[in-house]
Amino acid sequence: MSLETPVTTREKVRVFVTGSCDGLAELREALGRHSEVEMVGWSEGARESAATLTGGHLQVVLHGTRSSGLPEDDLAAIREHTQAPVILLASGEASALLEQALEADVSDVLLLPQMTENVVFAIRKASHAGRRAAGGPSHAGRRGRVVTVFSPKGGTGKTVTATNLASTFAKYEGKNTLLLDLDLQFGDAAIMLGLEPEKTIYDLVVAPGELDSEKLAGYTTRHASGLDILPAPLRPEDAELVTEAKLARLLEVARESYDVIVVDTSPFFHGPMLATLDRTDELLLVCGLDVPTLKNVRLSLQTLELLAFPQNRIRVVLNRANSKVGMKPGEVEGALEVKVRFELPSDGKVPLAVNRGTPIVLADDKADFSRAMREMAKGLSPVEAVKVQKRRIFSRA
Ligand SMILES: Nc1ncnc2c1ncn2[C@@H]1O[C@H](COP(=O)(O)OP(=O)(O)OP(=O)(O)O)[C@@H](O)[C@H]1O
Ligand SMILES: [Mg+2]
């Protein structure tokens, strides 16, 4: 059997429905049962579903309208939160709508009722065009992976994880790596790397002109491990200038320049964080062996579900997993109802390395924490994992 056999099962397209029109309820139901569509949700008003539109990894938005003209306000409300292609659905006489819509930023217009298969065909077509426009897999350019490190609790080890993971990707995996510090008010990723950069994300977002790869390169700082860092603003008050829209653009550009973008965060779901979630391939949810952190991680999992963040992108990381604090890793899984994907040991060498401004993976590659971190970096490189698997299967044959 050849391992190169093309995969025939199609990936489901993530669809969100807004607005209302005759026949929409029936269509929603039919799409909900369709094997090629993943119905993320529905809301009559686009504004009420802002969080899902932003963070839901949507591939297509269907918007039902009863108006005979273009629903400009609704479309603007949708566009404020997502760049996903929009298909307008209307019923009855809407020929004027068709012309206006095709002039506007709308992928397609369908008059209901329609055969479900016709609508699914339009959805697939729009999602394919959307991916091309966003520089997706069908685009010739590079597309880096975004790995976001988050925890709802301060001090759980986000920055230690993010800095060491990015250093590992750069030094041991040979990946072109960007470390982005999105703890916008009190970010300390640069300090943990022993750097005092002159330019930060604030300087980048206030600089005039369009952002592109060349411009981004002018604001990053190279670290000895080979990674580039875009640090947090130096003053907390400058954080608010890093808006959701600026960040969305920044991540799109960074994906063209880097293999992997590691994002360190603050313990909040603020606007820039939602824009990051929407572009996150793997979300490392850092947890510790203490009840308050567990409670907050559980709440975060619920929030992520409300935001329609795909569950298969969440990896729970248990930091200080070997600490003797009267709780076992298994109990964490029980409390969260989610598997722990990676465990990082408590290691006295970590705070020493933090204070010296050298990531432990570089200072001592034999330390327990460094070994665990390299394992984690490998587990986060799906392409490599598939290659290894293939090699094993071939060598058995
Ligand atoms: N596995 C570990 N073993 C030993 N010490 C650790 C470990 N992980 C983190 N620490 C210590 O905990 C401290 C807090 O970690 P870190 O700054 O990464 O947390 P954080 O989640 O980024 O916090 P904040 O929310 O304040 O940004 C670090 O200074 C480090 O010394
Ligand atoms: Mg931190």
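Small disclaimer: the values here were computed from a predicted structure and weren't measured. (Residues numbered from 1 in each chain as written. Chains lettered and ligands numbered in written order. Predicted model: local features only at pLDDT ≥ 70, side-chain atom pairs only at ≥ 80, totals over all residues. Heavy atoms only, no water.)

We now examine the overall build of the protein chain. The helix and strand inventory of the protein chain stands at 17 helices and 13 strands. Within the protein chain, buried positions represent 51% of all 397 residues. In the protein chain, the proportion of contacts linking residues at least 24 apart, taken out of those at least 6 apart, comes to 76%. Accessible area for the protein chain stands at about 19,500 Å²; split by element, carbon and sulfur atoms hold 51% of it. (Helix = DSSP H or I, 4+ residues; strand = E, 2+ residues; numbered from the N terminus. Buried < 20%, exposed > 50% of the residue type's maximum accessible area, 1.4 Å probe, protein only. Contact = heavy atoms within 4.5 Å. Areas by Shrake-Rupley, 256 points an atom, 1.4 Å probe, with all protein chains shown as cover.)

Strands sit in the order E2-E1-E3-E4-E5 across an open sheet of five strands; the sheet is parallel. If you trace the sheet from one side to the other, it starts and ends with strand E2 (37-43) and strand E5 (108-112), each paired once. With strand direction ignored, the average angle separating the axes of adjacent strands in the sheet is 25°. With five bridges joining them, strand E1 (residues 13-19) and strand E3 (residues 60-65) adopt parallel strand pairing. Paired with Val-17 across the bridge in E3 is Leu-62. Across the face of the sheet, helix H1 (residues 24-33) comes into contact with E1, E2, E3, strand E4 (86-91) and E5 while running at roughly 145° to E2. Sitting on the sheet, helix H3 (residues 72-81) touches E1, E3 and E4, and the angle it makes with E4 is about 155°. (Pairing = 2+ DSSP bridges. Axes fitted to C-alpha atoms, helices over the stretch in contact; angles between N-to-C directions.)

Taken together, 18 residues sit near ligand 1, with Gly-155, Lys-158, Thr-159, Val-160 and Arg-320 positioned nearest. The side chain of Asn-319 places a nitrogen or oxygen atom 2.9 Å from a nitrogen atom of ligand 1. Within the backbone of Asp-347, a nitrogen or oxygen atom sits 3.0 Å from a nitrogen atom of ligand 1. Contact with the protein chains removes 80% of the 630 Å² of surface that ligand 1 exposes when unbound. Among the secondary structure elements, those contributing two or more residues to the shell around ligand 1 are helix H6 (158-172) and helix H14 (349-356). Tallied by class, residues from the shell around ligand 1 come to seven nonpolar, seven polar and four charged. (Near = heavy atom within 4 Å. Polar contact = N/O pair within 3.5 Å; in protein donor to acceptor, adjacent residues only side chain to side chain. Nonpolar A, V, L, I, M, F, W, Y, C, P; charged D, E, K, R; others polar.)

This part takes up the pairing of E2. As defined by bridge partners, E1 adjoins E2 across six bridges and the pair is classed as parallel. Bridge pairing in E2 places Val-15 opposite Met-39. Following the chain from E1 across H1 to the adjacent parallel E2, one finds a crossover that is right-handed. (Right-handed = clockwise from strand over helix to strand, strands pointing away.)

Our next topic: the sheet that holds strand E6 (residues 145-150). Across the sheet, which stays open at both edges, the eight strands sit in the order E8-E9-E7-E10-E6-E11-E12-E13 with mixed pairing between neighbours. Since the sheet does not close on itself, it has two edges, and those belong to strand E8 (221-222) and strand E13 (340-344), each with one partner. Bridge analysis of E8 against strand E9 (residues 228-230) gives two bridges, and the strand direction is antiparallel. When the sheet's bridge partners are listed, Thr-221 is paired in E9 with Ile-229. Across the sheet, H6 touches E6, strand E7 (177-182), strand E10 (260-265), strand E11 (282-287) and E13, and the angle it forms with E10 is around 165°. Set on the sheet, helix H12 (residues 291-306) makes contact with E6, E11 and strand E12 (314-319); between it and E11 the angle comes to about 155°.

Turning next to H1. Residues of H1 that are buried: Leu-24, Leu-27, Ala-30 and Leu-31. Buried positions in H1, seen along its axis, are confined to an arc of 125° and lie on one side of it. Relative to its buried face, H1 has exposed residues pointing more than 90 degrees away, namely Glu-26, Glu-29 and Arg-33. (Arc of directions from axis to C-beta.)

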